[in-house]
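# Examining the three-dimensional arrangement
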Amino acid sequence: MPEQGATYTFEDLSGSTQTLSDDPNPYNALIDTCHNDPTAIQARYDAHRTTRASQQRALLVSPEFPGVNIDPILRGVLIQQEHDRREGLNVPHDEINNNLLKTQDMDSTQRFEDHRHNLVLWARPPPRVREMIGECQKALRKVLPHLWLMPLPSLHMTALEFTHSQTPDVVDSLVSRLKPITNMLVDFPYEQQHATPQRRVRLVKPMLTYDAAAVALSFLPAANQPGDEFTYHHLRSSLWDLSSITSKLNREKANDDETRGVEINTRYIVPSAHLTIARFVTAKDTTVDGKVDVEKMRKWVEVIEQVNEWLEREYWGAEGKGEEVMQWVIGEEKGLDFRRGPCWYGGGESLDDRPVDLRSLIVH
């Protein structure tokens, strides 16, 4: 896996085939291939995550596994924060990751900062989902005590990435261009829930997915209730149409004196609804004398699979009953979170500072 911040396109493992089209919206190919059928779209999301899980399992438990991929930027951020904390400086409150790394690894002559600025639309998980993730994190930390855990208040899923790894000036320009539609983007899932017919963007069937760098919790778009015709993939497609300067929608609405939307540079096209919950910042829990411990890696994968069995048993619901135990309705608390800045690890700044209003009263 490339260094964090490098240009990287995630591989689609859903079995979908790209067809030639003059539609610039990259999300529409899957919708068209699935004939707009939510059951087929759910199946593609499921195929992507199960295929990837199988590939990653084989890699991580192999005797030839070269070792976990350390995130060097997150590692630097954590060491700097630990140094600042000991110096009595004000640092972000992150009790769950305190003392994870030691300050002796830091170059004391140069302050470390994450200079990669992003612009994104996040979906924030509601309390019941955060609580479930907290239980997953506890199980993972028992096996790897030096695993970095995403703080629960920072959890997020990227519904649309406008750009990544840019300078503040580049992001400022995009923010200015999107300002006229900021509220529309943030409120879009809420508005869909109050449309006729109602279209709730529901996610179900949580499952841990993983690779050599991180662990995520993934969901599937729901497909068995009225309103599920507008899936999470449809939401991603609609947000792209509202925002992109090349979309058919904005080309039709623009006039000679106005250009609408921005150029979108996203890494997230594949059929996946996931949020990162843990990352590797050291290899000390998976090595012995500097070498990968195969038994430790097998134990790591075994615990992840045990957590997935628990998730399926407790939160999936009976197959064919039409009602899941756990569902996440996107935007049910306060719409989407329009976010800018160094956002890779849950940081950055929200651009919609309106107070929570009646949007928080959505019935689900």
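Residues numbered from 1 in each chain as written. Predicted model: local features only at pLDDT ≥ 70, side-chain atom pairs only at ≥ 80, totals over all residues. Heavy atoms only, no water.

Taken as a whole and judged by the stated rule, the model has six aromatic pairs. Note on Trp 148 and Tyr 345: the rings are 6.0 Å apart at their centroids and 75° apart in plane angle, and the pair reads as edge-to-face. One end of the pair, Trp 148, is in strand β2 (residues 148–149); the other, Tyr 345, is in the loop between β10 (337–341) and β11 (349–350), and 197 residues separate them in sequence. Just as Trp 148 is buried, Tyr 345 falls in that class too. Look at Phe 280 and Trp 300: their rings are 5.9 Å apart centre to centre, the planes differ by 65°, and that puts the pair in the edge-to-face class. Taken as a pair, Phe 280 in the loop between β6 (273–279) and β7 (287–288) and Trp 300 in helix α9 (residues 294–316) lie far apart in primary sequence, 20 residues in all. Judged by its relative accessible area of 0%, Trp 300 falls in the buried class. For the cation-ring pair, Arg 116 lies above Trp 344, with the distance from its terminal atom to the ring centre recorded as 4.0 Å. Looking at Arg 199, its charged tip hangs above the ring of Phe 230, at a distance of 4.2 Å from the centre. (Phe/Tyr/Trp six-rings, centres within 6.5 Å; stacked < 30°, edge-to-face > 60°. Helix = DSSP H or I, 4+ residues; strand = E, 2+ residues; numbered from the N terminus. Buried < 20%, exposed > 50% of the residue type's maximum accessible area, 1.4 Å probe, protein only. Lys NZ or Arg CZ within 6 Å of the ring centre and 35° of its normal.)

Attention now moves to the side chain of Gln 192. Within the secondary structure layout, Gln 192 lies in helix α6 (residues 182–193). By relative accessible area, Gln 192 is classed as buried at 8%. Among the polar contacts made by the side chain of Gln 192, one reaches the side chain of Arg 199 at a distance of 2.3 Å. If sequence neighbours within four positions are ignored, Gln 192 has contacts with Pro 197, Gln 198, Arg 199 and Phe 230. (Polar contact = N/O pair within 3.5 Å; in protein donor to acceptor, adjacent residues only side chain to side chain. Contact = heavy atoms within 4.5 Å.)

The final tally for this structure, using the stated rule, is 14 salt bridges. Between Asp 211 and Arg 52 there is a salt bridge, with the nearest N and O atoms lying 2.9 Å from each other. One end of the pair, Asp 211, is in the loop between β4 (202–210) and β5 (214–221); the other, Arg 52, is in helix α2 (residues 38–60), and 159 residues separate them in sequence. Under the relative-accessibility criterion, Arg 52 is labelled partly exposed at 22%. (Salt bridge = Lys/Arg side-chain N within 4 Å of Asp/Glu carboxyl O.)

A word on helix α4 (residues 127–143). The end-to-end C-alpha distance of α4 is 25 Å, a good match for the 24 Å that 17 residues give at a rise of 1.5 Å each. Taken residue by residue, α4 has Val 129, Met 132, Ile 133, Gly 134, Cys 136, Gln 137, Leu 140 and Arg 141 as its buried positions. The inward-facing, buried residues of α4 abut β2, β4, β5, β6, α9 and β9 (327–329). (Expected span 1.5 Å × (residues − 1).)

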